Every structure is written in C-alpha cells, then in structure tokens.
Amino acid sequence: MAIYSTGVSVTFPGVTLSEIVGLSFNYGGGMPEGRGVAWRPTLGQVQIELLGSASAAIYGTRGTLAISGGGISLSVAAVCTDVGAAAELNGVTRYSYTFDILG
C-alpha cells in the first residue's frame, strides 16, 4: 500500500526546515577495501529540497538530523555538506540541503 508523503518534518540544530518538496536518503553502502584506502566514516547521505528559505550558517555543522512523517522515520548524527538555491524565472526559488550521515 502506498504511503502519502505529506506532513514531513525535518529538524537540525539551529534550523527547522519548512515547505519540503523533496527528500531522499540512502543509508548504508559499501565500505572501501584495501589497506591503502583512506576510510571515511560516512554511512549515507540525505538530500532535501524545500521552498522555505535555507540558512548557509549551518554549513559544516554537526548535529542530530531528525526526519519524520510521510512514511519516514530517521534520527542520525549528520554534518551539513551543501546548501544550495535555484531560482526559476517567473517561478519560485527552491533551496536544498545535503547532509552526510556520520558513523
């Protein structure tokens, strides 16, 4: 049975994200192999697109990223790795955040 993705709530220390229009995440993935490979403790990535404004002040900060609603429940340690904005001519500006999930 399909789950409607309405009522999605996202919080991160210092910001509550509003008017979310897109959210995706991958949790897990392959670990690097071999002794000479630098290990990066990133367990996945979360990408959020919203119509509410974005704050570049959280770029590089770490904290608990909490997502609930729309069939998603996720609470993980994360770092904000990207804050973006895309203006559409005669349309709306869409903002985006990317978070790396930390191990």
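Bear in mind that the values here come from a model prediction, so they are computed numbers and not experimental data.

Procedures and definitions
Residues numbered from 1 in each chain as written. Predicted model: local features only at pLDDT ≥ 70, side-chain atom pairs only at ≥ 80, totals over all residues. Heavy atoms only, no water. Helix = DSSP H or I, 4+ residues; strand = E, 2+ residues; numbered from the N terminus. Buried < 20%, exposed > 50% of the residue type's maximum accessible area, 1.4 Å probe, protein only. Contact = heavy atoms within 4.5 Å. Areas by Shrake-Rupley, 256 points an atom, 1.4 Å probe, with all protein chains shown as cover. Pairing = 2+ DSSP bridges. Axes fitted to C-alpha atoms, helices over the stretch in contact; angles between N-to-C directions. Core = buried A, V, L, I, M, F, W, Y, C linked by side-chain atoms within 4.5 Å.

Draft legend 1. Main features of the overall build of the chain. A tally of regular secondary structure across the chain gives zero helices and seven strands. Looking at the chain as a whole, 24% of its 103 residues qualify as buried. Considering only residue pairs separated by 6 or more positions, the chain has 61% of its internal contacts joining residues 24 or more positions apart. A total of about 6,600 Å² of accessible surface is found on the chain, and carbon and sulfur atoms cover 52% of it.

Draft legend 2. Quick look at the sheet that holds strand β4 (residues 42-50). Taken in spatial order, the seven strands line up as β2-β1-β5-β6-β7-β4-β3 in an open sheet, and their pairing is antiparallel. The open sheet has two free edges, formed respectively by β2 (15-17) and β3 (20-27), since each of these has just one partner strand. Ignoring which end each strand starts from, the neighbouring axes of this sheet average 30 degrees apart. Bridging between strand β1 (residues 9-12) and strand β5 (residues 62-69) involves three bridges; their strand directions are antiparallel. The residue of β5 that forms the bridge with S9 is S68.

Draft legend 3. Local environment of the nonpolar core. The biggest cluster of nonpolar side chains holds 17 residues, and the ones touching the most others in it are V46, L65, Y97 and F99. Among the elements of the structure, β1, β2, β4, β5, β6 (72-87) and β7 (93-102) are those that each provide at least two residues to this core. If one sorts the elements of this core by residue count, β6 sits on top with four residues.

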